[in-house]
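A structural walkthrough
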Amino acid sequence: MPSLTGLRFLAALLVVCYHLSRQVGALPVLSPLAWYGRSGVTFFFVLSGFVLAWTYADAPVPALRFYRRRLARIWPLHALTTGASLAVFAAVGAAMPVTAALWSLPLLHPWGRSTVMGGNPAGWSLGDEGWFYLLFPLLLRLRPGLRTAALCCASGPLLWLAGSAVADASLRSWLLDYLPLSRTPQFLLGAALALAVRRSRLPVLPLLPTALAVAAFHLALIPWHHAVPDPAWHSPYIASQLLSAPLFAALITAAAQADLHRPAGPLARRPWTRLGDWSFAWYLIHEITFRPWLHHYGHPAPGLPTAAVWLLLLTTSLTLAGTLHHLVEQPLERLLRDRPTTPPPPQVVRPRTASEPTGRRPPEDSSSLT
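Report on the accompanying structure. (Residues numbered from 1 in each chain as written. Predicted model: local features only at pLDDT ≥ 70, side-chain atom pairs only at ≥ 80, totals over all residues. Heavy atoms only, no water.)

Thoughts on the overall build of the chain
Of regular secondary structure, the chain possesses 14 helices and 0 strands. Element order for the chain, N to C, with α for helix and β for strand: α-α-α-α-α-α-α-α-α-α-α-α-α-α. Its C-alpha radius of gyration of 23 Å places the chain within 12% of the 21 Å reference for a compact globule of 370 residues. Counting only C-alpha atoms, the chain reaches 90 × 45 × 40 Å along its principal axes. Counting across all 370 residues of the chain, residues that qualify as buried make up 47%. Contacts in the chain between residues far apart in sequence, at least 24 positions, make up 80% of those at least 6 positions apart. In the form shown here, the chain has an accessible surface area of approximately 18,500 Å², with 69% of it arising from carbon and sulfur atoms. (Helix = DSSP H or I, 4+ residues; strand = E, 2+ residues; numbered from the N terminus. Rg over C-alpha atoms; globule rule 2.2 N^0.38 Å. Buried < 20%, exposed > 50% of the residue type's maximum accessible area, 1.4 Å probe, protein only. Contact = heavy atoms within 4.5 Å. Areas by Shrake-Rupley, 256 points an atom, 1.4 Å probe, with all protein chains shown as cover.)

Following this line, the structure appears as structure tokens:
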């Protein structure tokens, strides 16, 4: 499903523009659209559930092998960027969150309010992913269906409304934005929809209208932002994370169905899929590259200077992400993913006698080859 890889880049771009807008400086048109681009993390949580359920639904593996594969996928780059983040903190004279970094290495940092940002603030979501991975073998056995998906869609608005009972804005943000339990329905929603698509229990969703619905949701956040300040429980600050999950789930489902029926879609082309492959490294490294620039040069003047710094930081961080993907992420994942197994001994082919049947033996069960 290459279109899902292409969408990964767009979601990462949304997150990067969100940080550029808030940390470097705002740009007309782009910054209002990306002011709540943190919702791109919600997209990644739904996508993670969808891709894993699609991959392992008909080819389950032992839980320990699954955990090893997922750690091989995310942990090496997580550890490297955590170390890079701490080095940058030290270089610019900022306080180093050493305790939080230590909690982040075993992916436990989002469970504590004081440690949630870990050593690399962008890596908080990997702690949530670690929790999802821990649950996934059990979820796959339960085979969640469309009723589960509907409950997951309803959980977002219910959690957001429950936030009205928490007066402390910081505590509310941790409980609803970062705590893995609050994000679990998003992962489960993606897994349930993947299984429904595999079983042909969903109508084909049109890709363009679902993409327009996602865009319309983010457009609606602009006047909402001007009407309600972020610390208020009914602002779009947390709502953008919780209410967007069903829309992102529809977009992911529509893109997956499009790949199944028309595999040559625009997002499936090589430039998009290559950028999508880089998106994980880009997500982890981009904010680290902003800090030295801001420390040495400060915030640029509004207008063209801000646009020029945006372009510089976008291209620099993306180039670094591509380098990390090819030189670190991919080689270490291949090295750590599975233990080498001893190949079976070669079969000795003997001549067939006249008394033996001429028909070929049926192939082995394909599940042994996955």
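Additional details are given in the paragraphs that follow.
What about unusual backbone geometry?
Even without a glycine there, the phi angle at valine 29 is positive, about 70°. Position of valine 29 relative to the elements: it lies in the loop between α1 (2–24) and α2 (30–34). The exposure class assigned to valine 29 is exposed, which follows from its relative accessible area of 60%. A positive phi angle, close to 65°, is found at leucine 107, a residue other than glycine. Along the polypeptide, leucine 107 turns up in the loop between α5 (98–104) and α6 (124–142). Accessibility expressed as a relative area gives 9% for leucine 107, which makes it buried.

Examining the packing of aromatic side chains
For any pair of aromatic rings, geometry is given as the distance between the ring centres together with the angle between the planes. Within the structure shown, the criterion is met by 20 aromatic pairs. Geometrically, the ring pair formed by phenylalanine 136 and phenylalanine 187 is edge-to-face, given 6.2 Å between the ring centres and 80° between the ring planes. Placement of the pair is phenylalanine 136 in helix α6 and phenylalanine 187 in helix α9 (residues 180–198), with a sequence separation of 51 residues. Residue class for phenylalanine 187 comes out buried when judged on its relative accessible area of 0%. Seen from their ring centres, tryptophan 160 and tryptophan 224 are 5.8 Å apart, and the 80° between their planes marks the pair as edge-to-face. Residue tryptophan 160 is found in helix α7 (residues 146–162), and its partner tryptophan 224 is found in helix α10 (residues 207–227); the two are separated by 64 residues along the sequence. (Phe/Tyr/Trp six-rings, centres within 6.5 Å; stacked < 30°, edge-to-face > 60°.)

Some thoughts on the environment of aspartate 177
You can see aspartate 177 is positioned in helix α8 (residues 169–178). With 138 residues separating them along the chain, aspartate 177 and serine 39 place their C-alpha atoms 10.0 Å apart. For aspartate 177, the contacting residues outside a window of four places in its chain are Arg38, Trp124, Arg172, Arg183, Tyr237, Ile238 and Gln241.

Regarding the packing of helix α4 (residues 63–91) against α6
Their axes nearest at 9 Å, the elements α4 and α6 cross at an angle of 170°. If you check the angle between α4 and α6, you find them roughly antiparallel. Counting all contacts with α4, which are made through Ala63, Phe66, Tyr67, Arg70, Ile74 and His78, the residues of α6 involved are Leu126, Tyr133, Leu134, Phe136 and Pro137. For the contact of α4 with α6, the class distribution of residues is 9 nonpolar, 1 polar and 1 charged. (Axes fitted to C-alpha atoms, helices over the stretch in contact; angles between N-to-C directions. Parallel < 35°, antiparallel > 145°, perpendicular 65-115°, else oblique. Nonpolar A, V, L, I, M, F, W, Y, C, P; charged D, E, K, R; others polar.)

Some points on the packing of α1 against helix α14 (residues 304–336)
As a packed pair, α1 and α14 sit with axes 11 Å apart at the nearest point and diverge in direction by 135°. Our classification of the angle between α1 and α14 gives oblique. Crossing handedness for the pair α1 and α14: right-handed. Note on element contacts: α14 touches α1 through Val309, Trp310, Leu313 and Leu314, opposite Leu13, Val16, Cys17, Leu20, Ser21 and Val24. For the contact of α1 with α14, the class distribution of residues is 9 nonpolar, 1 polar and no charged. (Left-handed = near helix turned anticlockwise from the far one by under 90°.)

What to know about the pattern of salt bridges
Taken as a whole and judged by the stated rule, the model has 7 salt bridges. With a closest N to O distance of 2.6 Å, arginine 38 and aspartate 177 form a salt bridge. Here the residue arginine 38 occupies a position in the loop between α2 and α3 (40–56), and aspartate 177 occupies one in helix α8, the gap between them amounting to 139 residues. The exposure classification of arginine 38 matches that of aspartate 177, with both residues buried. Between aspartate 58 and arginine 198 there is a salt bridge; the shortest N-O distance is 2.4 Å. Placement of the pair is aspartate 58 in the loop between α3 and α4 and arginine 198 in helix α9, with a sequence separation of 140 residues. Under the relative-accessibility criterion, arginine 198 is labelled partly exposed at 31%. (Salt bridge = Lys/Arg side-chain N within 4 Å of Asp/Glu carboxyl O.)

Side note on the state of the cysteines
In this structure the tally under the stated criterion is 0 disulfides. Cysteine 153 takes part in no disulfide bond, and the closest cysteine sulfur, belonging to cysteine 152, lies 7.1 Å away. (Disulfide = S-S within 2.5 Å.)

Brief notes about the nonpolar core
Note on soluble globular proteins: their nonpolar side chains tend to be buried together. Formed by 88 residues in total, the largest nonpolar core has its most connected members in Leu4, Leu20, Phe43, Phe50, Phe136 and Trp282. Examining the composition of this core, we find that 11 residues originate from one element, α1, more than from any other. Discounting chain neighbours no more than four positions away, the residues touching leucine 4 are Leu47, Phe50, Val51, Ile252, Ala255, Ala256 and Asp259. (Core = buried A, V, L, I, M, F, W, Y, C linked by side-chain atoms within 4.5 Å.)

Comments concerning the environment of phenylalanine 89
Checked against the element boundaries, phenylalanine 89 lands in helix α4. With 45 residues separating them along the chain, phenylalanine 89 and leucine 134 place their C-alpha atoms 31 Å apart.

Considering helix α13 (residues 270–297)
Bending of α13 peaks at approximately 45° at the position of tryptophan 282. Glycine 298 occupies a position one or two residues after α13 and carries a positive phi of about 75°. (Bend = angle between axes of the 7 residues up to and from the residue.)

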